[in-house]
Amino acid sequence: MLATLIASIGRYVDQPILIIGAMVVGPDFAPVAAICLAIARRRWSLLRPAATTLIGGFAMATAIAWLVWAAAYTAGFVDFAAATSGPQTQFIVKPDAWSFIIAVLAGCAGVLSLTAAKSSALVGVFISITTVPAVGTIALTLAVGAWDEARAALIQLVVNVVGMIIAGTATLMIQQRLLHDPRKSLAEKARRRRIRARRG
């Protein structure tokens, strides 16, 4: 929730540094990784709670941030023009092919960092994806009635999540195939037999 509020403020004041801060503290990659694991390993019992956590978290964060911004807008503290403009953070409401490409790369990097126990690399993943900023922008633009921008931010959110899930799942499946390659297993068994034969 705090990350969403930080992101929406960053969009309102058009400050990329606040957007980056929101990306760093955003917790949304954990349920995305769980969804990837559920699909890649066919652990369907894990899929539903992971998806519920992801969607529910986004919905709750959006609702709370919307309430805050709606109250501020009603009280006259929020300017419509400022809420719907900002060249430095315009990328949030401009989803394109690059949004998907970056999400795919982030999904690969995120899963690799988790499976390699290199959690420090996750910071770079958090900074590269636009999920939390999109959620914050959805809340802000809905509060002021900027429906086109809210729709664009929602598309940005979907593009990022789908890209990460596709890439993360593919990465896990490739890792599984490499780790359990039958040819490698046969080669390893043959090597062990040769060693035992030499010792005998």
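S.K.: What am I meant to see in the side chain of Thr89 here?
M.R.: Among the secondary structure elements, Thr89 is positioned in the loop between α5 (80–83) and α6 (97–115). Within the structure, Thr89 has its side chain in polar contact with the side chain of Arg11 (distance 3.0 Å). Once residues lying within four places of it in the same chain are set aside, the contact partners of Thr89 are Gly10, Arg11, Asp14, Gln15, Pro16 and Ile19.

S.K.: What's the story with unusual backbone geometry in this structure? I'm lost.
M.R.: Trans peptide bonds make up the majority, and among non-glycine residues the majority have a negative phi. Here Asp14, not a glycine, exhibits a phi torsion of approximately 60°, which is positive. If you trace the backbone, Asp14 turns up in the loop between α1 (2–13) and α2 (16–25). Phi is positive for Arg42, which is not a glycine, with a value near 60°. Mapped onto the secondary structure, Arg42 falls in the loop between α3 (29–40) and α4 (44–74).

S.K.: Help me out: how do you make sense of the layout of surface pockets in this one?
M.R.: Space left empty within the atom packing is revealed by a probe, the size of a water molecule, rolled over the atoms. Considered as a void within the structure, the second largest pocket measures approximately 220 Å³ in volume. Forming the walls of the second largest pocket are 13 residues, and the residues nearest its centre are Leu54, Ile55, Phe58, Leu157 and Val161. Listed by contribution, the elements that provide at least two residues to the lining of the second largest pocket are α4, α8 (131–144) and α9 (147–179). Of the residues in the lining of the second largest pocket, the class split is 12 nonpolar, one polar and no charged.

S.K.: Is there a simple way to think about the environment of Gly86 in this case?
M.R.: With respect to the element layout, Gly86 can be found in the loop between α5 and α6. Taking the C-alpha atoms as reference points, Gly86 and Gln15, separated by 71 residues in sequence, lie 8.5 Å from one another. Beyond its immediate sequence surroundings of up to four residues, Gly86 is in contact with Arg11 and Asp14.

S.K.: What exactly am I supposed to notice about α3 here?
M.R.: Each α-helix turn comprises 3.6 residues. Residues three or four places apart therefore point the same way. Taking 1.5 Å of rise per residue, 12 residues should cover 16 Å, and α3 covers 16 Å from first to last C-alpha, within 8% of that figure. Taken as a whole, α3 has its buried residues at Phe29, Pro31, Val32, Ala33, Ala34, Ile35, Cys36, Ala38 and Ala40. Residue Arg42 follows α3 closely and has a positive phi angle near 60°.

S.K.: Is there a simple way to explain a positive patch on the surface in this structure?
M.R.: On the surface, a cluster of positive charge is contributed by Arg193, Arg194, Arg196 and Arg198. Structurally, Arg196 can be placed in helix α10 (residues 182–199). The exposure class of Arg196 is exposed, given its relative accessible area of 53%.

S.K.: What should I look at first to understand the packing of α1 against α4 in this one?
M.R.: To characterise two packed helices, one gives the angle between the axes of the helices and the distance between these axes. Direction vectors running N to C along α1 and α4 enclose 50°, while the axes themselves pass 9 Å from each other. As the angle between them shows, α1 and α4 are arranged oblique. The chirality of how α1 crosses α4 is right-handed. Taken together, the residues of α4 that come into contact with α1 (itself represented by Thr4, Leu5, Ser8, Ile9 and Tyr12) are Ala61, Ala65, Val68 and Trp69. Here the residues of the contact of α1 with α4 are counted per class, giving seven nonpolar, two polar and no charged.

What counts and what doesn't
- Throughout, residues of each chain are indexed from 1 in the direction in which the sequence is written.
- Two thresholds apply to this predicted model, a pLDDT of at least 70 for residue-level local features and 80 or more for giving and counting side-chain atom pairs, whereas whole-chain, interface and lining totals are computed over all residues.
- To get the side-chain values, all heavy atoms of the structure are used, and hydrogens and water are removed first.
- Only runs of H or I of at least four residues qualify as helices and only runs of E of at least two qualify as strands under DSSP, and these elements are numbered from the N terminus.
- Think of a polar contact as two N or O atoms within 3.5 Å of one another; within protein, one of them needs to be a possible hydrogen donor and the other a possible acceptor, and neighboring residues in sequence only count if both atoms come from side chains.
- Contact definition: two residues touch when any of their heavy atoms are within 4.5 Å.
- In the cavity and pocket records, a cavity denotes points on a 1 Å grid over the protein atoms alone where a 1.4 Å probe fits but cannot get out, a pocket denotes an open set with protein on both sides within 12 Å along at least 5 of 7 lines, and lining residues are residues with an atom within 4 Å of a point.
- Grid points are joined across faces, edges and corners, and a volume is the space filled by probe spheres set on the points.
- Lys, Arg, Asp and Glu make up the charged group, whereas Ala, Val, Leu, Ile, Met, Phe, Trp, Tyr, Cys and Pro make up the nonpolar group; the residues left over, Gly among them, are polar.
- Any helix carries an expected span of 1.5 Å times its number of residues minus one.
- Exposed residues in this analysis have more than 50% of their type's maximum accessible area, buried residues have under 20%, and partly exposed residues fall in between, with area computed by a 1.4 Å probe over protein chains only.
- Here a patch means residues that are over 30% exposed by relative accessible area and free of salt bridges, tied together within 9 Å if like-charged and within 5 Å if nonpolar (Val, Leu, Ile, Met, Phe, Trp, Tyr).
- Per-residue accessibility takes into account occlusion by the displayed protein chains alone, with areas from the Shrake-Rupley method and a 1.4 Å probe.
- Salt bridge criterion: a side-chain nitrogen from Lys or Arg within 4 Å of a carboxyl oxygen from Asp or Glu.
- All tallies of charge rest on Lys and Arg as positive and Asp and Glu as negative; His and the ends of each chain are not included.
- Where a charge sits is defined by one atom per residue type, namely NZ (Lys), CZ (Arg), CG (Asp) or CD (Glu).
- With axes taken as lines fitted to C-alpha atoms, and helix axes fitted only over the stretch in contact, angles between N-to-C directions fall between 0 and 180 degrees.
- For this classification, under 35 degrees means roughly parallel, over 145 means roughly antiparallel, 65 to 115 means roughly perpendicular, and everything else is oblique.
- Crossing handedness is defined as follows: a turn of the near helix away from the far one that is anticlockwise and smaller than a right angle gives a left-handed crossing, while the clockwise case is right-handed.

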